[in-house]
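Now for the letters of each chain:
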There are 2 protein chains.
Amino acid sequence: MKNSSREFRIDGHKVKTLAQKYSTPIYCYSLKKIKTKLNNFKKNFKKINPLICFSVKSNSNKFLLKEIGKLGLGADVVSIGELVRALNSGIKPNQIVFSGVGKTVNEIDYAIRKKILLINAESKSEILEIEKIAKYQKKIVNIGIRLNPNIDAETLNQISTGKKENKFGVLEKTFINLVNYSKKSKNLNLRCLSVHIGSQILNVKPYQKMLNVLEKIIKKTNYHFEYIDLGGGMGIDYKNNNKELDLKKYSFLIKKFQIKNTSKIIFEPGRSIIGNSGFLISKIIYIKEGHKKDFIILDAAMNDFMRPALYKATHRIIPAQKKNNKTRKIYEFVGPICESTDKFLTTKNFQKLNEKDLIIICDVGAYGMSLSSNYNLRPKVMELLIKNSEVKIISKRQTLNDLI
Amino acid sequence: MKNSSREFRIDGHKVKTLAQKYSTPIYCYSLKKIKTKLNNFKKNFKKINPLICFSVKSNSNKFLLKEIGKLGLGADVVSIGELVRALNSGIKPNQIVFSGVGKTVNEIDYAIRKKILLINAESKSEILEIEKIAKYQKKIVNIGIRLNPNIDAETLNQISTGKKENKFGVLEKTFINLVNYSKKSKNLNLRCLSVHIGSQILNVKPYQKMLNVLEKIIKKTNYHFEYIDLGGGMGIDYKNNNKELDLKKYSFLIKKFQIKNTSKIIFEPGRSIIGNSGFLISKIIYIKEGHKKDFIILDAAMNDFMRPALYKATHRIIPAQKKNNKTRKIYEFVGPICESTDKFLTTKNFQKLNEKDLIIICDVGAYGMSLSSNYNLRPKVMELLIKNSEVKIISKRQTLNDLI
C-alpha cells in the first residue's frame, strides 16, 4: 500500500492499470493486508492462544476462504451454504462453529454428519431439535449455548447483538436451565459457552463487562466449559485515524479472566481480519452541479455496497490519482441507482475531480460483496485478489446474459 | 383473496397447500390483484388517458413483466439490464422510457439503437453524452429532461427524491438552460419534461405543489413539451386501513393542469400496481422467549426482504390459519440472519403462534424480490404467480449448488 508516487497502488499495482484492464467497478483485496492484520491479531492474543474462526458472513468469496484456510483459520458459519463453502475451501470440520438463531432441521442434520466442532445453539427449541436429530443419527453432538449477557456494546444500534431486547442467545435463567438439561442428555455434549455482543466495537469496556457477566454465570452453572466462544465484534479503523479496538488491552482482560476459567478461547473475527483489506474501485460517470454541492455520480451503487444505505456507515473515499488542487465545493458521492439512499459520502476539501476520474471507496473487505445484490438488474461486480505480483480474478463480473 | 374459511387463500389457493407443495419461503403474487389495481388506476386516470410505464425496478421478474406487457403497459427502466428485460418481455420500444442519474455510454448507445420512446436525461453532462452518441450514430434522439422541483414529498426521507438536496434531476436554472441547448441541437429532439418527487406518497398536496412548479417553469421555457412524465410515487395501503393516495383527486389536479398544458401525461407506477399483490409466505422455525417478548424466528430473512431493514418499513404479518386464541405476549418477528436489523415486525395482540406455523408478510410485491440478495449465502427464494386456477413457478428456488 506504499504510495510514494501520485498514483494509488494496492501492493504495488496501480489502481489505474487495474481499472483499464478489468473495467470498473471492482472489489480489490490485498492478501498482504489480510496477512498483516491476521498476524497482528495473533500477536496481540498470543498469550491466549485462541482458536480463530473466520466469520464467513463478512466475506464469503471462495478463493479468499481458501487463502484464509491456508493461514490456519477455522470458520464461523451461519447457514448450510456457508458451512458447505467453508468445507469446500479446505477448512477442517473440527475448526468450524455454527452460529445463528434459526438453524433448520436440514442444517443441523448436515452439521452433525460433518462432525463440526460446535453447534452453538441459541434457544431451548433449537437444543431440543439438535438432541432429536442426534438421537436419530445415534450420535453424541458437541454443542455450545449462546448467552445473551444483556450488555450494551456501545456501537450502532443496528449491529448491537448482546442486549436483552436482541434476538440472540438466551438470558441467564434460561441459560442455566439449558446447561442443566444438556448435562443430563445422552446425545448432547455441552462443550462451549458462546457470546457475541455486537460489531465494530472500539472500546474494551463492553468486553470487560461481558467477561464479568460470564464469570458470574459460569460460577452459577458450576460447569466446566471446555470452550468459551467470545465471538467477534473487534472494531477497525474506518477513518484512517488509528482508532480501533485495543486488542492488547482486550487480551489482557481475557488473560485475567482465564486465571479462574481455564477454557480454550474461540474468536469469530471477520471485519477485524478482512475489513481494511478491501477497496472498491469506481469510475466517475458524471459530475452534476446541485444546490450548494456537486454530485459525483459513480458507476458503483448501493447494490454493490450496501453499508452506507443500510447502516449509515461512513467509508473514506480517496482519488486514484493524487493532485494538489483542492476544491471548495461540497462533494456528494452517489451511485446511479434511482434511490436517495444510494449515496456514499458527503465531504468537503476534496481534490478537484473530473468526469472519468477513478476513486476508491476504502475498507470494504467486510460486509461489502457479501451484502451485494442485483437491484436495478445491475450485474455483480468483479472481485480481484492481489497476491504479491499476481492479480487474480476471484469472482468474475456478471454479464447481462447471466442476469437476463 | 376471499377468505371465508379460516385458511388464508390467495385467489382460492390455500397458502398451506402452496407451502406444502413448494416449501417456504415463497413470494406469491396474485395476477388478479395486479389487474384489479391496474384497472382501478386506469379508471381513476381515465380522463387523462396517460401512457403508463411500469417501473421495472419495483419488480423485474420476467414472467410478471410479460403479463404486465400483455396488459398494455409500457416500461420505465433504469439500467441496460432492465431495458433488455423489458424488450424481451415483449414491451414495445416506443412505450419505454429510460430514467436514472448515471446512464453509461454503453447504456445510452443501446437505448438509441433500440429506438425507445424517451431517454430522460438528468444532467448537462448526460445530455452532452447523448448528443455525442446520437451524432456518431447519425440519429435524432428523443429525450426528456428531468426537473428537480424542490418539493418535499412528505414521505420517508430515504425515498424522497424531489428536494434540492437530492441527486435527481436538475434545478430550475439549469433546466431552462438545457431546454435552450436542446432546442438548438441537431441530434436531440426534446419531447418531454420529467419529474418524480418520491415514493409512497399518501397526500395529494405535494403533487399539487409539483404541478404548480411545472406550470411556472413551462411558461418560462416557452416550449411545448409533447410529454410530461410525472413519475410515480403513488402511495399504497400498507396498513389495511384504506389510507392510500386519492388517485381521483390527483387526476382532477392534472386535468386542471392540462387546461393550459396539453401535453400527453406519462406515469411510472410500480408499487401502486404491484405492491399489494405480493405475499411472502414463511414458516416459523423456532419461538424463543425473550425479555418481555417472544421472538418468532422465521425462515424468511432480511436478504429475502430488505424493506424493513433498509427503510424501517412496516409490513403487516398475518397467520395462514386463523384462530381465536389471542396472546397477551409481544411478538417480534425476526429472520435467522445474524444481524439485529433482520427483524420484520414487533406487535401485540396477535393470535397465539406455534413453531412450524405459517405466516404471511403482506404487500411485498414491490421492492421485495428485486432488492433481495444472497447474504449469509442464503439461496434466493421461489416466486409463484397465481393466474386463476393455475399456480405458475415464475422463478425457481436457488439451490445450494447454484450458490456454492
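Residues numbered from 1 in each chain as written. Chains lettered and ligands numbered in written order. Predicted model: local features only at pLDDT ≥ 70, side-chain atom pairs only at ≥ 80, totals over all residues. Heavy atoms only, no water.

### So, the overall build of chain A
Under the convention used in this document: Strands here mean DSSP runs of E at least two residues long; helices mean DSSP runs of H or I at least four residues long; both are numbered from the N terminus. We compute the radius of gyration over the C-alpha atoms and compare it with the globule rule, which gives 2.2 Å times the number of residues raised to the power 0.38. A simple rule labels every residue: compare its accessible area, found with a 1.4 Å probe on the protein chains alone, to the largest value its type can have, and call it buried under 20%, exposed over 50%, or partly exposed in between. Any two residues whose heavy atoms approach within 4.5 Å at even a single point are treated as in contact. Method for areas: the Shrake-Rupley scheme with a 1.4 Å probe, in which residue coverage is limited to the protein chains shown.
Within chain A one finds 12 helices and 19 strands. Scaling as 2.2 N^0.38, a compact globule of 404 residues should have a C-alpha radius of gyration of about 22 Å, and chain A matches this with 23 Å. Counting only residues that meet the buried cut, chain A has 64% of its 404 residues in that class. Residue pairs in contact within chain A that sit at least 24 positions apart in sequence constitute 69% of those at least 6 positions apart. Carbon and sulfur atoms form 49% of the exposed surface of chain A, whose accessible area is close to 16400 Å².

### Some words on the interface of chain A and chain B
Quick reminder of the rule: Summed over both partners, the accessible area lost on bringing two parts together, with a 1.4 Å probe, is the buried area. Any Lys or Arg side-chain nitrogen found within 4 Å of a carboxyl oxygen on Asp or Glu counts as a salt bridge. Between N or O atoms, a polar contact is any pair within 3.5 Å; within protein, one atom must be a potential hydrogen donor and the other a potential acceptor, and residues adjacent in sequence are included only when both atoms are from side chains. Ten residue types, Ala, Val, Leu, Ile, Met, Phe, Trp, Tyr, Cys and Pro, are classed as nonpolar, four, Asp, Glu, Lys and Arg, as charged, and the remainder, Gly among them, as polar.
Taken together, the contact pairs 74 residues of chain A with 74 residues of chain B. When chain A packs against chain B, the two sides together hide about 5700 Å² of surface, and 59% of this comes from carbon and sulfur. Put simply, chain A and chain B have two salt bridges between them. Its salt-bridge partner being Asp342 of chain A, residue Lys167 of chain B comes within 3.2 Å of it at the nearest N-O pair. Between chain A and chain B we count 28 residue pairs in polar contact (both at pLDDT 80 or more) in total. Of all elements in the fold, only α4 (80-88), α6 (124-137), β12 (278-289), β13 (294-298), α11 (307-311), β15 (331-334) and α12 (400-403) of chain A reach the threshold of two or more residues within the side of chain A that touches chain B. A total of six residues in the side of chain A that touches chain B trace back to one element, the largest contributor, which is α4 of chain A. In terms of residue class, the side of chain A that touches chain B is made up of 29 nonpolar, 26 polar and 19 charged.

### Regarding the packing of aromatic side chains
As a reminder, the rule being used: Centres within 6.5 Å make a pair out of two Phe, Tyr or Trp rings, where for Trp the six-membered ring is used; the pair is then stacked when the planes are under 30 degrees apart, edge-to-face when over 60, and tilted otherwise.
Scanning the model with the defined rule gives 26 aromatic pairs over all chains in all. Here the aromatic cluster, defined as three or more aromatic residues joined through ring pairs, consists of Phe41, Phe45, Tyr207, Tyr250 and Phe267 of chain A.

### Looking at the confidence of the model for chain A
The condition that has to hold: What pLDDT reports is the predictor's confidence in each residue, on a scale of 0 through 100.
The predicted model of chain A averages 96 in pLDDT, with 99% of residues at 70 or higher. Scoring the predicted complex yields pTM 0.96 and, for the interface, ipTM 0.96.

### Description of the relation of the copies chain A and chain B
Selection rule: Superposition of the copies was done by least squares, using only C-alpha atoms of residues whose pLDDT is at least 70 in both.
Rotating chain A by 180 degrees and translating it 0.0 Å along the rotation axis places it on chain B, where the RMSD comes to 0.0 Å. What the rotation and shift describe, once combined, is the action of a two-fold rotation axis. Mapped onto chain B, 100% of the interface residues of chain A again fall at the interface, so both copies present the same surface.

### Focus on the pattern of salt bridges
Residues and elements named next belong to chain A. This model, assessed by the stated rule, comprises 30 salt bridges over all chains. Between Glu226 and Arg191 there is a salt bridge whose closest N-O contact spans 2.7 Å. Note that Glu226 is positioned in the loop between α8 (205-221) and β10 (227-229) and Arg191 in strand β9 (residues 188-194), a separation of 35 residues in sequence.

### A look at the environment of Val364 of chain A
Residues and elements named next belong to chain A. Position of Val364 relative to the elements: it lies in the loop between β17 (358-362) and β18 (382-387). Assessed through its relative accessible area of 0%, Val364 is described here as buried. Along the sequence, Val364 and Cys28 sit 336 residues apart, while their C-alpha atoms lie 9.1 Å from each other. Those residues within four positions of Val364 in sequence are excluded, and the remaining contacts are Tyr27, Gly275, Gly278, Phe279, Leu280, Phe305 and His315.

### Comments concerning helix α4 (residues 80-88) of chain B
Residue and element names in this part refer to chain B. Summarising burial for α4: eight of the nine residues are buried, a large majority. The complete set of buried residues in α4 reads Ile80, Gly81, Glu82, Leu83, Val84, Arg85, Ala86 and Leu87. Two residues or fewer after α4 comes Gly90, characterised by a positive phi angle close to 90 degrees.

### A look at the sheet that holds strand β4 (residues 51-55) of chain B
Residues and elements named next belong to chain B. Cut-off, in case you're wondering: A pair of strands is treated as paired once DSSP finds two or more bridges between them. Interaxial angle, 0 to 180 degrees, is taken between N-to-C directions of lines fitted to C-alpha atoms, where a helix line uses only the stretch in contact.
Here eight strands make up a closed barrel; going around it, the order is β4-β5-β6-β7-β8-β9-β10-β11 and the pairing parallel. Strand-to-strand, the axes of this sheet are offset by a mean angle of 30 degrees, without reference to chain direction. By the bridge criterion, three bridges tie strand β5 (residues 74-77) to strand β6 (residues 96-98) in an arrangement that is parallel. Directly across from Ala75, in β6, lies its bridge partner Ile96.

### Remarks on the domain arrangement of chain A
Residue and element names in this part refer to chain A. Condition: Each domain's limits were defined by an automated method or a database of domain assignments.
The assigned domain composition of chain A is domain 1 (9-29 + 275-403) and domain 2 (32-272). Facing 24 residues of domain 1, the contacting portion of domain 2 comprises 24 residues. With both chains or domains summed, domain 1 and domain 2 bury close to 2000 Å², and 52% of this area falls on carbon and sulfur atoms. Looking only at domain 1, the three residues that lose the most surface to domain 2 are Asn276, Tyr311 and Tyr367, adding up to 28% of its buried area. At the junction of domain 1 with domain 2, the criterion picks out one salt bridge. A salt bridge links Lys387 to Glu67, with the shortest nitrogen-to-oxygen separation between them at 2.8 Å. Elements with a contribution of two residues or more to the side of domain 1 that touches domain 2: α11, β18 and β19 (390-395). Examining the composition of the side of domain 1 that touches domain 2, we find that four residues originate from one element, β18, more than from any other. A per-class count over the side of domain 1 that touches domain 2 returns eight nonpolar, nine polar and seven charged.

### Brief notes about the packing of α4 of chain A against helix α5 (residues 105-113) of chain A
Residues and elements named next belong to chain A. To be explicit about the condition: Roughly parallel means an angle under 35 degrees; roughly antiparallel means over 145; roughly perpendicular covers 65 to 115; every other angle is labelled oblique. If you view the pair so one helix is near and one far, a crossing is left-handed when the near helix is turned anticlockwise from the far one by less than a right angle, and right-handed when it is turned clockwise.
Close contact between α4 and α5 brings their axes to 10 Å; oriented N to C, the two are set at 25 degrees. Of the possible angle classes, the one that applies to α4 and α5 is roughly parallel. Remark: the crossing between α4 and α5 carries left-handed chirality. The residues of α5 that touch α4, namely those facing Ile80, Leu83, Val84 and Leu87, are Asn106, Glu107, Tyr110 and Ala111.

### Quick notes on the nonpolar core
Note the threshold: What makes a nonpolar core is a set of buried Ala, Val, Leu, Ile, Met, Phe, Trp, Tyr and Cys residues whose side-chain atoms join them at distances within 4.5 Å.
Among the nonpolar cores identified, the biggest contains 226 residues, and Leu230, Tyr250 and Phe333 of chain A together with Leu230, Tyr250 and Phe333 of chain B are the most heavily contacted of them. Not counting chain neighbours up to four residues away, the residues in contact with Tyr250 of chain B comprise Phe45, Val204, Tyr207, Met210, Leu230, Met234, Leu245 and Phe267 of chain B.

### Considering a positive patch on the surface
Here is the rule we go by: Residues qualify for a patch when their relative accessible area is over 30% and they have no salt bridge, like charges being joined within 9 Å and the nonpolar side chains of Val, Leu, Ile, Met, Phe, Trp and Tyr within 5 Å. In this charge count, Lys and Arg are treated as positive and Asp and Glu as negative; neither His nor the chain ends contribute. For this purpose, a charge sits on NZ of Lys, CZ of Arg, CG of Asp or CD of Glu.
Among the surface-exposed residues, Lys43, Lys47, Lys248 and Lys255 of chain A lie close enough to one another that they form a single positively charged patch. As for its placement among the helices and strands, Lys47 of chain A is situated in the loop between α2 (31-44) and β4 (51-55).

### Describing the sheet that holds strand β7 (residues 118-121) of chain A
Residue and element names in this part refer to chain A. Here we have eight strands rolled up into a closed barrel, ordered β4-β5-β6-β7-β8-β9-β10-β11, and parallel in their pairing. Adjacent strand axes in the sheet meet at a mean angle of 30 degrees when their direction is disregarded. Note that β9 and β10 share three bridges and pair parallel. Across the sheet, residue Ser194 finds its bridge partner in β10, namely Asp229.

### Observations concerning the state of the cysteines
What counts here: Any cysteine sulfur atom paired with another within 2.5 Å is treated as part of a disulfide.
Taken as a whole and judged by the stated rule, the model has zero disulfides over all chains. Lacking any disulfide linkage, Cys192 of chain A is separated from the closest cysteine sulfur, that of Cys53 of chain A, by 9.6 Å. Judged by relative accessible area, Cys192 of chain A falls into the buried class, the value being 0%. In this structure Cys362 of chain B is not part of a disulfide, and its nearest cysteine sulfur, from Cys28 of chain B, lies 12 Å away.

### Some points on the pairing of strand β7 (residues 118-121) of chain B
Residue and element names in this part refer to chain B. The condition is simple: A clockwise course of the path from the first strand over the helix to the second, judged with the strands pointing away from the viewer, identifies a crossover as right-handed.
Going residue by residue along β7, you find Leu118 and Asn120 tucked away on one face and Ile119 and Ala121 tucked away on the opposite face as well. Direction of pairing for β6 relative to β7: parallel, over a ladder of two bridges. Across the sheet, residue Phe98 finds its bridge partner in β7, namely Ile119. Judged from the three bridges that link them, β7 and strand β8 (residues 141-146) form a sheet pairing that is parallel. Bridging from a neighbouring strand, Ile119 pairs with Ile143 of β8. The parallel pair β7 and β8, bridged by helix α6 (residues 124-137), forms a crossover whose chirality is right-handed.

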